[in-house]
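Here is how the chains run, residue by residue.
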Amino acid sequence: MKILGISGSLRSDSHNTRLLRAAGRQLAPGAELEVYGGLRLIPPYDQDDDHGVGPRAVADLRAAIDEADAILIATPEYNRSIPGALKNALDWASRPHSTNPLRNKPVAVIGASTGHFGAVWAQAELRKVMGATGARVIEAELPVGVADEAFGEDGSLIDPHAEGLADILRQLEELVAQRQELVAA
């Protein structure tokens, strides 16, 4: 099983990218997480430039989503919502609505922030956006607050409130298995 991890942060030492890497260490045997690194290359969405494939960076994003069995998005929270670069990339990926690569794709949303609430508002907004794209979104959330203290020196997640990560990953794996059964039938 291949999971595409998308960090909503552009920062090189992002807490959310660290959260994705920590999630990758908790996956079941045979599952792998690939962290997408092209978010900063996605141009602002402009329908005039959307001719099916879009600019090269958009085509790369769509291909990465299409090739993945599931998506795990880790989002920071900017002004109680989703970072603009992440929302923009999802707007590109969601076109055309009826055949976009997110359609029926299993998706889980997690998040980390330096505040105490762990990006809960951004996670709620992002689940709503992902549902609108046609993705199969897990309703669970993982708020990792005070993120600058949530990781060990080895990058492991040490926040005792983040124990739900394993359950979210299990739910994501179950959705992938269900989808594969439907395709095989």
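Residues numbered from 1 in each chain as written. Predicted model: local features only at pLDDT ≥ 70, side-chain atom pairs only at ≥ 80, totals over all residues. Heavy atoms only, no water.

> Would you mind showing me how to read the pattern of salt bridges here?
Working definition: two side chains of opposite charge can pair if their charged atoms are close together. As enumerated under the stated definition, the model contains 10 salt bridges in all. Arginine 127 is paired through a salt bridge with glutamate 139; the nearest N and O atoms lie 3.7 Å apart. With arginine 127 in helix α4 (residues 120-133) and glutamate 139 in the loop between β5 (136-137) and β6 (143-144), this pair connects stretches of sequence that are 12 residues apart. Salt-bridge contacts for aspartate 167 lead to arginine 170; the nearest nitrogen and oxygen are separated by 2.3 Å. Residue aspartate 167 and its partner arginine 170 are both found in helix α5 (residues 165-184); the two are separated by 3 residues, about one turn of the helix. In this structure, a network of salt bridges that share partners links the residues Lys2, Glu34 and Glu67. (Salt bridge = Lys/Arg side-chain N within 4 Å of Asp/Glu carboxyl O. Helix = DSSP H or I, 4+ residues; strand = E, 2+ residues; numbered from the N terminus.)

> I keep staring at the pairing of strand β3 (residues 70-75) and nothing clicks. Help me out?
On a regular strand, each side chain points to the face opposite its neighbour's, so the side chains alternate between the two faces of the sheet. The element β3 is extensively covered by neighbouring structure, given that 6 of its 6 residues are classed as buried. Neither face of β3 is left uncovered, since the one carrying Ala70, Leu72 and Ala74 and the one carrying Ile71, Ile73 and Thr75 both have all their residues buried. (Buried < 20%, exposed > 50% of the residue type's maximum accessible area, 1.4 Å probe, protein only.)

> What is the right way to look at the nonpolar core in this model?
The nonpolar side chains of a soluble globular protein tend to be buried, and buried together. By size, the foremost hydrophobic cluster in this structure holds 28 residues, and its most contacted members are Leu19, Leu72, Ile110, Leu142, Val144 and Leu157. The element contributing the most residues to this core is α5, with 6 residues. Residues contacting valine 144, with those up to four places away along its chain left out, are Leu19, Gly111, Ala112, Ser113, Gly118, Ala150, Leu157, Asp159 and Ala162. (Core = buried A, V, L, I, M, F, W, Y, C linked by side-chain atoms within 4.5 Å. Contact = heavy atoms within 4.5 Å.)

> Just checking my understanding: could you explain the packing of helix α3 (residues 84-93) against α4 for this structure?
In a pair of packed helices, the angle between the axes and the distance between the axes together describe the arrangement. Packing of α3 against α4 brings their axes to within 11 Å, and their N-to-C directions diverge by 10 degrees. Put simply, α3 runs roughly parallel to α4. Packed against α3, whose contacting residues are Leu86, Lys87 and Leu90, the element α4 presents Leu126, Val129 and Met130 at the interface. (Axes fitted to C-alpha atoms, helices over the stretch in contact; angles between N-to-C directions. Parallel < 35°, antiparallel > 145°, perpendicular 65-115°, else oblique.)

> Help me understand the environment of glutamine 123 in this model?
Turning to its location among the elements, glutamine 123 is positioned in helix α4. For the pair glutamine 123 and tyrosine 78, spaced 45 residues apart in sequence, the C-alpha separation works out to 11 Å. Setting aside its immediate chain neighbours within four residues, glutamine 123 contacts Thr75, Val109, Ile110, Gly111, Gly118, Glu141, Leu142 and Pro143. A polar side-chain atom of glutamine 123 sits 3.0 Å from the main-chain carbonyl oxygen of glycine 118. (Polar contact = N/O pair within 3.5 Å; in protein donor to acceptor, adjacent residues only side chain to side chain.)

> Teacher, can you tell me more about the layout of surface pockets here?
Take a probe with the size of a water molecule and roll it over the atoms, and the empty space left behind shows itself. For the largest pocket, the calculated volume is near 160 Å³. Lining the largest pocket, in full, are Ser7, Ser9, Leu10, Arg11, Ser12, Thr17, Val35, Tyr36, Gly37, Gly38, Leu39 and Arg40. Tallied by class, the residues present in the lining of the largest pocket amount to 4 nonpolar, 6 polar and 2 charged. (1 Å grid on protein atoms, 1.4 Å probe; cavity = no way out; pocket = protein on both sides within 12 Å on 5 of 7 lines; lining within 4 Å. Points joined across faces, edges and corners; volume = space filled by probe spheres on them. Nonpolar A, V, L, I, M, F, W, Y, C, P; charged D, E, K, R; others polar.)

> Please clarify how the packing of aromatic side chains should be interpreted in this entry.
The description of an aromatic ring pair uses the distance of the two centres, along with the angle that the planes make with each other. The tally for this structure, following the rule as stated, stands at 2 aromatic pairs. Look at tyrosine 45 and tryptophan 92: their rings are 4.7 Å apart centre to centre, the planes differ by 70 degrees, and that puts the pair in the edge-to-face class. Of the two residues, tyrosine 45 sits in the loop between β2 (32-36) and α2 (56-67) while tryptophan 92 sits in helix α3, which places them 47 residues apart along the sequence. Given the relative accessible area of 0%, tryptophan 92 is considered buried. Residues phenylalanine 117 and tryptophan 121 carry aromatic rings whose centres are separated by 5.4 Å and whose planes lie at 55 degrees to one another, so their mutual orientation is tilted. We classify tryptophan 121 as partly exposed; its relative accessible area is 37%. (Phe/Tyr/Trp six-rings, centres within 6.5 Å; stacked < 30°, edge-to-face > 60°.)

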